[in-house]
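Here is what each chain is made of, one letter per residue.
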Amino acid sequence: MPTEVKPHMRRRPGETIEQYHARLGRSCYRCGTEIHDRAELNEHEDNCTGPKSGRGAS
């Protein structure tokens with residue numbers, strides 16, 4: 001049974017599968033903020049409390 005994904009985790013119109021996977025790999029799974037440095041992303045995810053106003057909604 002499919003589960004609903006967060007809006008920032010959905011594939012965007014015109015986005016290739018490769019682009020989609022690359023974006024998800026550098027985005028916080030809680031709020032969608034894109035951070036290209038892996039260590040910084042890991043730290044962000046450890047402390048993230050979820051979506052903030054206007055972030056991760058795209």
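Reading the values: the criteria
Residues numbered from 1 in each chain as written. Predicted model: local features only at pLDDT ≥ 70, side-chain atom pairs only at ≥ 80, totals over all residues. Heavy atoms only, no water. Core = buried A, V, L, I, M, F, W, Y, C linked by side-chain atoms within 4.5 Å. Buried < 20%, exposed > 50% of the residue type's maximum accessible area, 1.4 Å probe, protein only. Contact = heavy atoms within 4.5 Å. Disulfide = S-S within 2.5 Å.

Caption draft 1: Spatial organisation of the nonpolar core. With five residues, the main nonpolar core is built from Cys28, Cys31, Ile35, Leu41 and Cys48. Once residues within four sequence positions are removed from consideration, Leu41 is found in contact with Gly25, Arg26, Ser27, Cys28 and Ile35.

Caption draft 2: Expanded view of the state of the cysteines. All told, the structure shown has zero disulfides when counted by the stated rule. For the unlinked cysteine Cys28, the closest cysteine sulfur is that of Cys48, found at 3.7 Å. Judged by its relative accessible area of 0%, Cys28 is buried. This cysteine, Cys31, is not joined by any disulfide, and Cys48 carries the nearest cysteine sulfur, 3.7 Å off.

Function cannot be inferred from these measures alone, as they are strictly geometric.
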